[in-house]
Amino acid sequence: MSRPAWDRVEAALDEILALPESEWTEASARIAGNDANLLAEINSLLACTGGVDSILDGSLSMESPAVVHPTGLASGTRIGAYRIIELIGQGGMGEVYRAERADGQYELEVALKLIRAEVVEHAERFQAERQILAQLDHPGIARLLDGGVCDDGRPYMAIELVRGVPITEWCTQQRSDLAARLRLFMAVCDAVAHAHGALVVHRDIKPGNVLVTAAGDIKLLDFGVAKLLLAAPDNATQNAPLTPAYSAPEQLTGRAITTATDVYALGILLFELLCGELPWKSDGRSFGIAVRKILNETVPTLSRRARFSKDPPVPWTSLRGDLDAITAKALRKEPGHRYSTVAALRDDVDRVLRHEPVTAREGARLYVIGRFVRRQRLLVAVAGSLFAVIVAALIGVAWQARLAVREAQRAEREAGKATAVKDFLLDIFKQSSVRNPGGVEAKKLNVEQLLDVGTTQITAQLRNQPEVREEVMDTLANLNDELGLTDRAKALATQNLDEFQARVGSRPGAALARLQVSLATALINRDELAKARDLLHRALEGYAAAGKIDSAEAAAAYLQLGLASYNGTTEEKAAGVENLRRALDILTRRDPANPLRGDVLSTLASFAKLDEDDAGATRWYEELLAFQTAQGVERNAFAIGYAYYVLGDHQSVTHRYEDAERNLRQGVALLTQAVGPQHPTAADARARLGELLFYMGHRTDAAALLEDALQAQASTAQGIDDATETRKTLGDLEFTRGRWARAEQLLRQNLQVMKHNPDKQLRFNISASHLASVLAFEGDLAEARALHDASLEAFGRYMSTKSRGYARALVRGGNLALAEGNPEAAAAIFERVIKEAGPAGAEMSDESMRAALGLAAADLEQGRIEPARQQAAAVLQAIANSPQRTELVEQEAQAQRLLGVALLRSGDAATAETPLRRAVSLRESLDDPDSPWLAQARMDLARCLIAQRRNAEARGLRDLAAAAQHRQPKLGAYFRRELELAGGANGNGGKY
Amino acid sequence: MAGIDGNGIVIEGNLGAPAETERMAAALIPLMYQDLRRIARRERARVRAGATLQTTALVHEAYLKLEHLVGFNDDEHFLRACALAMRHILVNHARDRMARKRGGGAAHVSIDEAPEISGAPDEVVIKINDSLLELAQLSPRLAQVVECRFFAGYDDAETAVALGLTDRTVRRDWVKARAWLRRELGAGADLTLEEA
């Protein structure tokens, strides 16, 4: 028959078989029509359908034709000291009988297990291990009583007979609640722990082996039997279980079986007990799929599984959190990452029952770094004793990042190799630390030197192991990247790529792609974006060629491609966002717990910010926070803290101050917990919080935080940029509080640091401009004028003269003019700002408010009292109307004071008293006790009281003011006049 | 017929599998043969009732071994290769035993190591294989379904994965293929097993 003919036959069959059998004859006739051959063919085949035959429908199986044993020993048969009663089961190892002692010595029923001879390779070993097992004496373990060899050569074991049901069934029958299930579980742990104490590993813990008696006691069966019997050397296939559901990864890949394997099985058991399902459902599908899930997929969250299951035994809400973390820790792929002992697991479960915090959730030193667009600085200067921890953490960082990418692929193999490589590197670093003698220099973590040493050693030692070397160099490149040492990172990554291509060739593939992505990452951090993009496109081609375009590794490439477009045109940025979304999509589907997903989310947020899409950025930040929190706090405190930090940071710039404060505080707490206060990111977060509190008017708290952050930031080479930012903010704060000396010191430091750095000119000039203000009040007028003019000219080059920053600088110039005794010039400047910043109507912008206050002061200087009073009153009105009232306390203090002085000078002391008192009280809440502005306000109030002949009340105020004046190291003549009783009829006081 | 010497195995009767699958199957065969012998030894004293070694166990063992070494990207590839390999092994096995029974031919597997393929007499296995080659001329897909379901012992779901089909298609294909085989093997052919 030809193929086309057959196709017709098949099509016909498809149609007919879909119909009920009664219609077949008619249908075949209809379809075949005149074609007799076709009809014959169809009919003959139809006749052969239906029914089942045992050959074609059975599966082929293999049996040995050799020794055939009877289906079971007859009742009454003697085996050793026992007499068989009946067959009770058929296990993988052999038959199990219920038996009793034949000599009637004890009324004891046992389970007699006959073991197939072939399974026991070494009789003596069997004996020895049997004796070890016999010593396992624990109420929770079915006791091994006796053993021997039958007449027919089969070994047997007599085990305490246990009547009970599997633990899962028991709990279902009893409708056990959470506490009862946990207590049962703890009893199981106790039994297993006891055996571990005797160095016996169970290896086959599953509900079928954990029975519960009628009395409610647990009994473990088949303890260590697996270990005893399968003494053959080739572990891999011997131990290969046919149902992998309860198997630990190392059991599936033939690695060493340890007590950690039992921990894993207990984890599975706990999972099943608490939510009624196994973590990995194979749906009866391929063995291979099931195995791969176990080896590669992250453990599903217990509470989530319970939540979405049809009939959970325990409400999912009571599983959330602690129990999630416990099961996750017990079910880690790497044996070394699980609970190190069963007792530890048991204790954590106990803590849940007693409502104590569980260890599984404690913050750990290892962390994963999230990324801001362009900001990843990791280097920390550290005192000697913290050194090892930091280095381990550094390695851990790069480690986590790489393992995260790798996790979807060949987890076991890579992790094994990765661990070896990690140990190697750690060793090198430890050695290097010994070479560093004590002293100040050594206290600064000189990672550059360390990495140099590491690289040299690696080149030498790993010359003959190209694969390991490639791994190590890739790690080093990443480390350098993380540390901001971008030229080294680039050099290493380039070298690595070149060597790989020389060794393996340039055919597109996954291994090459990985290295291309590493190099591209280094290039992006150096702004060599075009080259990076090219590499990334090629890497993606390579992944596609290897069929891995839908993998976490490819997602990393998409992420970098997205990052590479951050300073492009709008179209380029939009394309970048597309790539980021692709990365997110892949990770969400394929590897939802991969830390890389956090990177993608924070990058998407940054892009939204660039696009001025504040709402979008907030959504991404919130998703980032949710993601990190869901990973659990145990190893993720840093990432969660960082997520709070960036969310709070974003909220602060969008003026949601209360939310921002809350989130920043959380962030600071978690970050400090995770990596200590000295870490740059923890310091950054504190600085950010301090800045926010400053704007909210909590100046004392703000100052403390900023000083703290500054100290941490200033002590590292890499933290310098952050330190200048913090110094500027702190300088502002101190100036505003009246601690001018400290403000001067800080701002001068900034100028010193930034003086010769061409990249920092704008920042330099901002600090210079602020310093000019401070100096103006301190009386260094010449220097103030020089600094101000220079910085204003620079601003004119960098920013539009209509911008807010420029307006603020102008206002500072106006105050300088006041300090120089030139109120007319000052007034002109202020008027200009008001005109350009918008009308001083009911709603004033920040700048126009400042200018209005300055103008009021200038008016007072020139004796124009009424306009001054009106200005001050207008500002107060605007403040009262403003939705941001609470942030305008400083402005209110100034306005009240100016209003009071105007009233006082127009002769109305009584009315002046209220605003002046208000000014003083506001100042007291805002300023340092020795603040000149506070002193000034007090003096004004004192004059007001004296004008009302209340000299006695005035005295206290004057004394305070005088004391403050004395304690101020530098005070300009202009201001000093204020604080003398005779003077002070003048207005001065605009600060900015 | 190809020899099973670990090198240069030629798999007879490609049912339409791509060359890569054939290559992989060729690599699998010696591995699986080793396992076959080991399993046979291990299973020697097994009681007939109850535990018999399914062909899927062989597949599982091979899978673990290879996963360890190579890692797989997709089950489809592996499962197909395994099915092909299984067919090869089982058919050769049957041929060897038949040759030995007739007293001729080199025995590649010593007699006490060779498990009998129960579930089908050797002649039937060989006949099914021969028919399959014919079926492959008409519809490679139907033949592959038989290879998966019958020789490799996959269920509908696994067969679907191996061949990139839906479960429903597999079921329908199996009905058609089985009908064809039954007809080919002769209307009188007794395809039911005698009680062991």
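These figures come from a predicted structure and were not determined experimentally. (Residues numbered from 1 in each chain as written. Chains lettered and ligands numbered in written order. Predicted model: local features only at pLDDT ≥ 70, side-chain atom pairs only at ≥ 80, totals over all residues. Heavy atoms only, no water.)

(A) Seen up close, the overall build of chain A. Per the secondary structure count, chain A includes 43 helices and ten strands. Counting every position in chain A, which comprises 992 residues, the buried fraction comes to 54%. Sequence separation of 24 or more characterises 63% of the internal contacts of chain A that already satisfy a separation of 6 or more. (Helix = DSSP H or I, 4+ residues; strand = E, 2+ residues; numbered from the N terminus. Buried < 20%, exposed > 50% of the residue type's maximum accessible area, 1.4 Å probe, protein only. Contact = heavy atoms within 4.5 Å.)

(B) Spotlight on the overall build of chain B. Secondary structure assignment for chain B yields seven helices and two strands. Order of helices (α) and strands (β) in chain B, N terminus to C terminus: α-β-α-α-β-α-α-α-α. Taken over 196 residues, chain B has a buried fraction of 58%. The long-range share in chain B, meaning contacts at least 24 apart out of those at least 6 apart in sequence, stands at 68%. Element-wise, carbon and sulfur atoms account for 50% of the exposed surface of chain B, whose accessible area totals about 7,900 Å². (Areas by Shrake-Rupley, 256 points an atom, 1.4 Å probe, with all protein chains shown as cover.)

(C) View of the packing of aromatic side chains. Residues and elements named next belong to chain A. Evaluated as defined, the whole model comprises eight aromatic pairs over all chains. Ring centres 5.7 Å apart and planes at 25° place the aromatic pair Phe 694 and Tyr 695 in the stacked group. Between Phe 777 and Trp 933, the aromatic rings sit 5.3 Å apart at their centres with planes inclined by 65°, giving edge-to-face as the arrangement. One end of the pair, Phe 777, is in helix H33 (residues 761-778); the other, Trp 933, is in helix H41 (residues 932-947), and 156 residues separate them in sequence. What makes Phe 777 buried here is its relative accessible area of 6%. Its guanidinium or amino end placed over the ring of Tyr 339, Lys 329 lies 4.8 Å from that ring's centre, counting from NZ or CZ. (Phe/Tyr/Trp six-rings, centres within 6.5 Å; stacked < 30°, edge-to-face > 60°. Lys NZ or Arg CZ within 6 Å of the ring centre and 35° of its normal.)

(D) Just unusual backbone geometry, in detail. All names here are of chain A. At Arg 175, a residue that is not glycine, the phi angle is positive and equals roughly 50°. Summarising the element assignment, Arg 175 is placed in the loop between helix H5 (167-174) and helix H6 (178-197). Here Arg 175 falls in the exposed class, since its relative accessible area comes to 73%. One non-glycine residue, Arg 203, lies in positive phi territory at about 75°. Residue classification places Arg 203 among the buried residues on the basis of a relative accessible area of 18%.

(E) How the structure looks around the pairing of strand S7 (residues 155-160) of chain A. Residue and element names in this part refer to chain A. Among the six residues in S7, five count as buried, and that is most of the element. Both strand S5 (residues 109-114) and S7 contribute to a ladder of five bridges, which runs antiparallel. The residue bridging Lys 113 from the neighbouring strand is Met 157, located in S7. With five bridges connecting them, strand S6 (residues 144-149) and S7 associate as antiparallel partners. From the neighbouring strand, Asp 146 faces S7, where its bridge partner is Ala 158. (Pairing = 2+ DSSP bridges.)

(F) Broad picture of the nonpolar core. Counting 87 residues, the largest nonpolar core has Leu536(A), Tyr543(A), Val600(A), Trp620(A), Leu671(A) and Leu733(A) as its most contacted members. Ignoring any residue separated from it by four or fewer positions in sequence, one finds Leu733(A) in contact with Phe694(A), Arg699(A), Ala702(A), Ala703(A) and Leu706(A). (Core = buried A, V, L, I, M, F, W, Y, C linked by side-chain atoms within 4.5 Å.)

(G) Examining the confidence of the model for chain B more closely. All names here are of chain B. Per-residue confidence for chain B gives a mean pLDDT of 64, with 43% of residues at or over 70. Ranking the elements of chain B by mean pLDDT puts strand S1 (residues 53-54) last with 42 and helix H7 (residues 167-184) first with 89. Low pLDDT, under 50, characterises residues 1-9; the stretch is placed with 15 contacts to residues that sit more than four places away or in other chains. The low-confidence segment residues 67-73, where pLDDT is below 50, has 17 contacts with residues more than four positions distant or belonging to other chains. The complex model carries a pTM of 0.47, and its ipTM stands at 0.72. (pLDDT = per-residue confidence, 0-100.)

(H) Quick peek at the packing of helix H1 (residues 3-17) of chain A against H7(B). Interhelical geometry of H1(A) versus H7(B) gives an angle of 120° and a closest axis separation of 11 Å. Classified by the angle between their axes, H1(A) and H7(B) sit oblique to one another. In this structure, H1(A) meets H7(B) at a crossing whose hand is right-handed. From H1(A), Trp6(A), Glu10(A), Leu13(A), Asp14(A) and Leu17(A) reach across to H7(B), where they touch Arg172(B), Asp173(B), Val175(B), Lys176(B) and Trp180(B). Counted by class, the contact of H1(A) with H7(B) contains five nonpolar, no polar and five charged residues. (Axes fitted to C-alpha atoms, helices over the stretch in contact; angles between N-to-C directions. Parallel < 35°, antiparallel > 145°, perpendicular 65-115°, else oblique. Left-handed = near helix turned anticlockwise from the far one by under 90°. Nonpolar A, V, L, I, M, F, W, Y, C, P; charged D, E, K, R; others polar.)

(I) Broad picture of the pattern of salt bridges. Residue and element names in this part refer to chain A. This model, assessed by the stated rule, comprises 63 salt bridges over all chains. When the shortest N-O distance is used, the salt bridge between Lys 970 and Glu 744 registers 3.0 Å. Here Lys 970, found in the loop between helix H42 (951-967) and helix H43 (973-978), pairs with Glu 744, found in helix H32 (residues 740-754); they are 226 residues apart in sequence, far enough to count as distant. Relative accessible area serves as the criterion here: at 11%, Glu 744 is assigned to the buried category. Close ionic contact of Glu 953 with Arg 917 constitutes a salt bridge, the shortest N to O distance being 3.7 Å. Taken together, the positions of Glu 953 in helix H42 and Arg 917 in helix H40 (residues 909-926) put the pair 36 residues apart, joining distant regions of the chain. (Salt bridge = Lys/Arg side-chain N within 4 Å of Asp/Glu carboxyl O.)

(J) Quick peek at the sheet that holds strand S9 (residues 210-213) of chain A. Residues and elements named next belong to chain A. Strand order in this open sheet of three strands is S8-S9-S10, and the pairing throughout is antiparallel. The open sheet is flanked by strand S8 (164-166) and strand S10 (218-220), the only strands paired with a single partner. Sheet twist, expressed as the average angle between the axes of neighbouring strands with direction ignored, equals 35°. Where S9 lies against S10, three bridges are found, and the strand directions are antiparallel. Paired with Leu 211 across the bridge in S10 is Lys 219. On the sheet, H5 packs against S8 and S9 and is oriented at approximately 100° with respect to S8. Along the sheet, H6 makes contact with S9 and S10, crossing S10 at roughly 35°.

(K) Structural view of the packing of helix H26 (residues 614-630) of chain A against helix H27 (residues 637-653) of chain A. Residues and elements named next belong to chain A. One can describe the packing of H26 onto H27 by two numbers: an axis separation of 8 Å at closest approach and a directional angle of 165°. Compared by their axis directions, H26 and H27 come out roughly antiparallel. Classified by chirality, the crossing of H27 by H26 is left-handed. On H27, the residues touching Asp 614, Ala 617, Thr 618, Tyr 621, Glu 622, Leu 624, Leu 625, Gln 628 and Thr 629 of H26 are Ala 639, Ile 640, Ala 643, Tyr 644, Val 646, Leu 647 and His 650. In terms of residue class, the contact of H26 with H27 is built from ten nonpolar, four polar and two charged.

(L) Quick look at helix H31 (residues 720-737) of chain A. When the terminal C-alpha atoms of H31(A) are compared, their 25 Å separation across 18 residues agrees well with the 26 Å that a helix rising 1.5 Å per residue should span. In the segment just after H31(A), Gly738(A) is the residue with positive phi, at about 95°. (Expected span 1.5 Å × (residues − 1).)

(M) Summary view of the side chain of Asp940(A). All names here are of chain A. Structurally, the position occupied by Asp 940 is in helix H41. Asp 940 gets classed as buried once you look at its relative accessible area, which sits at 2%. Polar contacts involving the side chain of Asp 940 include one to the side chain of Arg 897, which spans 2.4 Å. (Polar contact = N/O pair within 3.5 Å; in protein donor to acceptor, adjacent residues only side chain to side chain.)

(N) Inspection of helix H24 (residues 570-590) of chain A at higher detail. Residue and element names in this part refer to chain A. Between the first and last C-alpha of H24 there are 30 Å, a value that for 21 residues agrees with the 30 Å anticipated at 1.5 Å per step. Gly 576, Asn 579, Leu 580, Ala 583, Leu 584, Ile 586 and Leu 587 are the residues of H24 that are buried. What you see down the axis of H24 is that its buried residues fit within an arc of 160°, all on one side. In H24, the exposed positions angled more than 90 degrees off the buried face are occupied by Thr 570 and Glu 571. (Arc of directions from axis to C-beta.)

(O) Representation of the environment of Arg203(A) in the model. Within the secondary structure, Arg203(A) sits in the loop between H6 and S9. A C-alpha to C-alpha distance of 9.3 Å links Arg203(A) and Asp222(A), two positions 19 residues apart in sequence.

(P) Focus on the environment of Gln968(A). Residues and elements named next belong to chain A. On the secondary structure map, Gln 968 appears in the loop between H42 and H43. Given a relative accessible area of 9%, Gln 968 falls into the buried group. Other than its neighbours up to four places away in sequence, Gln 968 contacts Gly 738, Trp 740, Ala 741, Asp 930 and Pro 932. Looking at Gln 968, its side chain comes within polar contact range of the main-chain oxygen of Asp 930, at 3.4 Å.

(Q) View of a negative patch on the surface. On the surface, Asp611(A), Glu612(A), Asp613(A) and Asp614(A) cluster together into a patch of negative charge. Mapped onto the elements of the fold, Asp614(A) is located in helix H26. (Patch = residues over 30% accessible without salt bridge, like charges linked within 9 Å, V, L, I, M, F, W, Y side chains within 5 Å. Lys, Arg positive; Asp, Glu negative; His and termini not counted. Charge placed at Lys NZ, Arg CZ, Asp CG, Glu CD.)

(R) Here's a closer look at the confidence of the model for chain A. Residues and elements named next belong to chain A. Averaged over every residue, the pLDDT of chain A is 78; the share at 70 or more is 78%. By mean pLDDT, the top-scoring element of chain A is H40 (94), and the lowest-scoring one is helix H17 (residues 440-443) (29). With pLDDT under 50 throughout, residues 428-446 is counted as low confidence; its partners more than four residues away or in other chains account for 33 contacts.

(S) How the structure looks around the environment of Asn478(A). Residue and element names in this part refer to chain A. Looking at where Asn 478 falls in the secondary structure, it is placed in helix H19 (residues 466-482). Asn 478 sits in the buried class, given a relative accessible area of 17%. Linking Asn 478 and Arg 488, residues ten residues apart in sequence, is a C-alpha distance of 9.9 Å.

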